[in-house]
Amino acid sequence: MKSFFVTGGAGFIGSEFVRVALKSYENLKIVDFDALTYAGNLENLRGLDDARHIFVKGDICDKQAVLDAMPEGVDAVFNFAAESHVDRSIESANEFVETNVLGTQILLDCARERGAGRFVQISTDEVMGTLPERDDAFFTEDSPIAPNSPYAASKAAAEQFVRAARETFGIDTVVTRCGNNYGFRQFPEKLIPLMISNALNDEPLPLYGDGRNVRDWIFVTDHCEAILEVYEKGSSGETYNIGARNPLRNIEVVSGILDHLGKPHSLIKPVEDRLGHDRRYAIDPTRIETELGWKARIGWEEGLAKTIEWYVSNEDWIASVKSGEYQEFYERYYSHRIAQ
Ligand code: NAD
Ligand code: DAU
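Just so we're clear, the structure is a prediction, and the values are computed from it rather than from any experiment.

*Asks:* Looking at this model, I keep getting lost on the site of ligand 2. Mind explaining?
*Replies:* The environment of ligand 2 is formed by 26 residues, the closest being Asp125, Tyr151, Arg274, His277 and Tyr334. In this structure, Glu126 approaches ligand 2 through a side-chain N or O atom, which is 2.7 Å from an oxygen atom. Within the side chain of Asn180, one N or O atom sits 2.8 Å away from an oxygen atom of ligand 2. Compared with its free state, where it exposes 680 Å², ligand 2 has 95% of that area covered by protein. Among the secondary structure elements, those contributing two or more residues to the shell around ligand 2 are helix H3 (86–91), helix H6 (191–200) and strand E8 (205–208). Tallied by class, residues from the shell around ligand 2 come to 11 nonpolar, eight polar and seven charged.

In structure tokens:
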């Protein structure tokens, strides 16, 4: 019997990872450890097999709570737990330092104490900052670390603690750096679900700056399958970029959503730019493709159509996650931008 300790497993990617892992291994037990912040939602775990998936509500900054939940000799720790939204990190960075940096260090200590087999740090392409606006520029595993937002800085710092834990204590670690995920159950603060949700309600679609920033999009299931490949076959101490070779300008993404829904492009509302807005992300996934034999399977048109259909069919989910704290964030962050 294999055992995984997954943090942040009630969030967007973590909850998909739990599904992919349970499907991939029959004899697997997962402890899913999540603080259920505004971004975590037990609805995301609906329908999972309770005998093989145990949910524990807890904060990765609380060492005793982590130790209590982490099984002795666990096969792997997968660290998805994070504050993940760039705009929130621009409003206030403290929570990002706490969860993303201190929380990762505490998890590393716990993994060592519990004799974990491997520590998998889920990182991001954003630690490498921005690329020049040229179609032939890509992030590789050798690109310099140059984070530009407080979120990216906290994820870059976390990577350094992972590296230090390996060098100092000999923990078996691997790091994955993926680009922008899209798919089911993504919190509507992020570009794609926000735009789908606003379009469905005929509300303005707030597009930052000139809308020509590039993000490299991957369907969330592809990302999760890649993480499992890295866990299984990745070399200890190494970093693997994960991408689907799908860099797109934001205006192309937003237009695609409107076209799919049959809504007018006049809903697009250019708004003031994000501070320090990275211009272009594009991942070269050659290493994971050639060394580990992984390749993204879901194309953009198919993935976007499936994603839109999911949001159209799950308006209750959107309504429930948009209530409360998110409503306040949306008002605070967007009302003056959209009114301009
Ligand atoms: P998310 O915001 O949807 O989910 C984060 C989850 O972590 C939530 O369930 C939340 O409750 C939990 N969490 C937050 N603070 C916690 C704490 N202190 N203790 C325990 N749990 C806590 O994020 P996501 O988009 O699913 O991203 C997951 C991970 O993947 C993050 O580490 C992020 O940096 C990384 N990543 C995300 C993307 C992307 O496009 N979304 C791309 C590359 C990497
Ligand atoms: O690249 C990986 C990263 O992708 C992850 O590490 C982050 O956790 C994840 O949030 C995401 O970061 P981005 O900042 O790229 O994602 P976001 O969805 O916030 O924005 C995508 C692009 O869309 C970006 O160029 C900003 C723009 N945007 C975003 C929002 C929310 C808009 O134009 N309008 C908006 O309202």
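Picking up after the structure, the text goes on.
*Asks:* Even after reading the chapter, I still don't get empty space enclosed by the protein, so can you show me in this structure?
*Replies:* Where empty space is left can be seen by rolling a probe of water-molecule size over the atoms. Tallying each qualifying case throughout the model produces one cavity of 30 Å³ or more. Estimates place the volume of the largest cavity at around 40 Å³. Contributing to the lining of the largest cavity are Val86, Glu126, Ser149, Arg215, Arg274, Leu275, Gly276, His277, Asp278 and Tyr281. Per-class residue counts for the lining of the largest cavity are three nonpolar, three polar and four charged.

*Asks:* What exactly am I supposed to notice about the sheet that holds strand E2 (residues 28–34) here?
*Replies:* Strand pairing in a sheet is mediated by backbone hydrogen bonds. Such pairs are either parallel or antiparallel. As summarised here, the arrangement of the seven strands in space is E3-E2-E1-E4-E5-E6-E10, forming an open sheet in which the pairing is parallel. Bordering the open sheet on either side are strand E3 (53–57) and strand E10 (239–242), each of which pairs with just one other strand. Put simply, the sheet's adjacent strands are angled 20 degrees from each other on average, direction ignored. As paired strands, E2 and E3 are joined by five bridges and run parallel to one another. Bridged to Ile30 within E3 is His53. Sitting on the sheet, helix H4 (residues 94–113) is in contact with strand E1 (2–7), strand E4 (76–79) and strand E5 (118–124), with an inclination near 165 degrees to E5. Sheet strands touched by helix H7 (residues 220–233): E1, E4, E5, strand E6 (173–178) and E10. Its angle to E5, the strand with the most contacts, is close to 145 degrees.

*Asks:* How should the packing of helix H8 (residues 250–261) against helix H10 (residues 300–313) be read in this particular structure?
*Replies:* In a packed pair of helices, the relevant descriptors are the angle between the two axes and the axis-to-axis distance. Packing of H8 against H10 leaves a shortest axis separation of 11 Å and a crossing angle of 60 degrees. Compared by their axis directions, H8 and H10 come out oblique. Note on packing geometry: the crossing formed by H8 with H10 is right-handed. Across the interface between the two elements, Val253, Gly256, Ile257, His260 and Leu261 from H8 touch Trp300, Leu304, Ala305, Ile308, Glu309 and Val312 from H10. Split by residue class, the contact of H8 with H10 holds eight nonpolar, two polar and one charged.

*Asks:* Would you take a moment to explain unusual backbone geometry for this structure?
*Replies:* Note: most residues except glycine have negative phi, and most peptide bonds are trans. Within the chain, Leu36 stands out as a residue other than glycine whose phi angle is a positive 55 degrees. Taking relative accessible area as the criterion, Leu36 reaches 24% and is therefore assigned partly exposed. Its identity is not glycine, yet Asp202 carries a phi of approximately 55 degrees, on the positive side. Tracing the chain through its elements places Asp202 in the loop between H6 and E8.

*Asks:* How do you make sense of the packing of H6 against H10 when you look at a structure like this?
*Replies:* Where H6 meets H10, the axes come as close as 10 Å, and the angle between the chain directions of the two elements is 55 degrees. Taken together, the axis directions place H6 and H10 in an arrangement best described as oblique. Between H6 and H10 lies a crossing of right-handed hand. For the pair H6 and H10, the contacting residues are Ile192, Pro193, Ile196 and Leu200 in the first and Trp300, Leu304, Thr307, Ile308, Tyr311 and Val312 in the second. Counted by class, the contact of H6 with H10 contains nine nonpolar, one polar and no charged residues.

*Asks:* Sorry, what's going on with the site of ligand 1 here?
*Replies:* Near ligand 1 there are 28 residues, and of these Ile13, Asp34, Ser84, Tyr151 and Lys155 occur at the shortest range. Taking Leu36, its main chain carries an N or O atom lying 3.4 Å from an oxygen atom of ligand 1. When ligand 1 is considered free in solution it has 830 Å² of accessible area, and contact with the protein chains removes 96% of it. Elements with a contribution of two residues or more to the shell around ligand 1: helix H1 (12–24), E5, helix H5 (150–169) and strand E7 (180–182). Among the elements that take part in the shell around ligand 1, E5 stands out by supplying three residues, more than any other. Grouping the constituent residues of the shell around ligand 1 by class yields 13 nonpolar, 12 polar and three charged.

*Asks:* Whenever I open this one, the sheet that holds E7 confuses me. Can you help?
*Replies:* The sheet built from three strands is open, its strands ordered E7-E9-E11 with mixed pairing. Single-partner strands in this sheet number two, and they are E7 and strand E11 (247–249). The sheet shows a mean angle of 50 degrees between the axes of neighbouring strands, direction not considered. Here three bridges tie E7 to strand E9 (residues 214–219), and the two strands are oriented parallel to one another. Bridge pairing links Tyr182 to Phe219 in E9. Sheet contacts for H7: E7 and E9; angle to E9, the most-contacted strand, approximately 75 degrees.

Rules and cut-offs
- Residues numbered from 1 in each chain as written.
- Chains lettered and ligands numbered in written order.
- Predicted model: local features only at pLDDT ≥ 70, side-chain atom pairs only at ≥ 80, totals over all residues.
- Heavy atoms only, no water.
- Near = heavy atom within 4 Å.
- Polar contact = N/O pair within 3.5 Å; in protein donor to acceptor, adjacent residues only side chain to side chain.
- Areas by Shrake-Rupley, 256 points an atom, 1.4 Å probe, with all protein chains shown as cover.
- Helix = DSSP H or I, 4+ residues; strand = E, 2+ residues; numbered from the N terminus.
- Nonpolar A, V, L, I, M, F, W, Y, C, P; charged D, E, K, R; others polar.
- 1 Å grid on protein atoms, 1.4 Å probe; cavity = no way out; pocket = protein on both sides within 12 Å on 5 of 7 lines; lining within 4 Å.
- Points joined across faces, edges and corners; volume = space filled by probe spheres on them.
- Pairing = 2+ DSSP bridges.
- Axes fitted to C-alpha atoms, helices over the stretch in contact; angles between N-to-C directions.
- Contact = heavy atoms within 4.5 Å.
- Parallel < 35°, antiparallel > 145°, perpendicular 65-115°, else oblique.
- Left-handed = near helix turned anticlockwise from the far one by under 90°.
- Buried < 20%, exposed > 50% of the residue type's maximum accessible area, 1.4 Å probe, protein only.

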